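Results of the structural survey
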Amino acid sequence: MKRSRLLAAGLVLSGLLGLIDVVTLPFGDGEHPPFTVAVAGAVLGLITLVGVVLAWRGSRAGAVAVIVSRLLSGLTAVPAFFAGGVPAEAMAMAAAGVVLTLGCIALVAPALRPRG
């Protein structure tokens, strides 16, 4: 897998989002996001970080891990838009996270296309 500039940008952005997922775990109040969602996000963040390292070294499996973990991480933010009592700031952060996640996926996914 050849590392283009777009792939490198996607991996760096994915790595930053994964790191944010991991680092924010101890700073939650247990309610926004709920503790289980925060733990799931941290685990997905760790998977993203490992995937970024592997993909940076040329592994297609690493790129797949980044895409899948970012998709699942983005899905954990969706309930914020439907649950009652979620602060506006939390909803704004969730929306920004989903948009950035989709951008990451758009940058990393083309690297999985077979060359030929």
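Residues numbered from 1 in each chain as written. Predicted model: local features only at pLDDT ≥ 70, side-chain atom pairs only at ≥ 80, totals over all residues. Heavy atoms only, no water.

Re the overall build of the protein
- Within the protein, the regular secondary structure consists of four helices and zero strands.
- Sequence-ordered secondary structure for the protein, helices as α and strands as β, is α-α-α-α.
- For 116 residues, the compact-globule estimate of 2.2 N^0.38 gives 13 Å, and the protein sits close to it at 15 Å.
- Dimensions of the protein, computed from C-alpha atoms along their principal axes, come out at roughly 50 × 20 × 15 Å.
- Nonlocal contacts in the protein, meaning residues at least 24 apart in sequence, comprise 70% of its contacts between residues at least 6 apart. (Helix = DSSP H or I, 4+ residues; strand = E, 2+ residues; numbered from the N terminus. Rg over C-alpha atoms; globule rule 2.2 N^0.38 Å. Contact = heavy atoms within 4.5 Å.)

Looking at the packing of helix H2 (residues 35-56) against helix H3 (residues 60-77)
- Orientation of H2 relative to H3, taken along the N-to-C sense of each, is 160°, at an axis distance of 7 Å. When the axis of H2 is compared with that of H3, the two are roughly antiparallel. As H2 runs across H3, the sense of the crossing is left-handed. Residue-level inspection shows Val37, Leu44, Gly45, Ile47, Thr48, Gly51, Val52, Leu54 and Ala55 of H2 in contact with H3, the latter providing Gly62, Ala63, Ala65, Val66, Ser69, Arg70, Leu72, Ser73 and Thr76.
- A per-class count over the contact of H2 with H3 returns ten nonpolar, seven polar and one charged. (Axes fitted to C-alpha atoms, helices over the stretch in contact; angles between N-to-C directions. Parallel < 35°, antiparallel > 145°, perpendicular 65-115°, else oblique. Left-handed = near helix turned anticlockwise from the far one by under 90°. Nonpolar A, V, L, I, M, F, W, Y, C, P; charged D, E, K, R; others polar.)

Here we look at helix H1 (residues 5-23)
- For H1, with 19 residues, the first-to-last C-alpha span of 27 Å sits near the 27 Å given by 1.5 Å per residue.
- Buried within H1 are the following residues: Leu7, Ala8, Gly10, Leu11, Ser14, Gly15, Leu17, Gly18 and Asp21.
- Where H1 is buried, its residues meet H2, H3 and helix H4 (88-108). (Expected span 1.5 Å × (residues − 1). Buried < 20%, exposed > 50% of the residue type's maximum accessible area, 1.4 Å probe, protein only.)

Regarding the pattern of salt bridges
- Under the definition given, this model contains one salt bridge.
- A salt bridge links Asp21 to Arg70; its shortest N-O distance comes to 2.4 Å. In this pair, Asp21 sits in helix H1 while Arg70 sits in helix H3, placing the two residues 49 residues apart along the sequence.
- For Asp21, a relative accessible area of 17% gives the class buried.
- Note on Arg70: relative accessible area 2%, which makes it buried. (Salt bridge = Lys/Arg side-chain N within 4 Å of Asp/Glu carboxyl O.)

As for the nonpolar core
- Leu7, Leu11, Val52, Ala55, Ala63, Val66, Ile67, Ile105, Val108 and Ala111 form the largest nonpolar core, which has ten residues in total.
- Sorting the residues of this core by element identifies H1, H2, H3 and H4 as the ones contributing at least two each.
- It is H3 that contributes the most residues to this core, three residues altogether.
- Contact partners of Val52, with chain neighbours within four places excluded, come to Leu11, Ser14, Gly15 and Val66. (Core = buried A, V, L, I, M, F, W, Y, C linked by side-chain atoms within 4.5 Å.)

Such coordinate-based values are descriptive only and should not be taken to indicate function.
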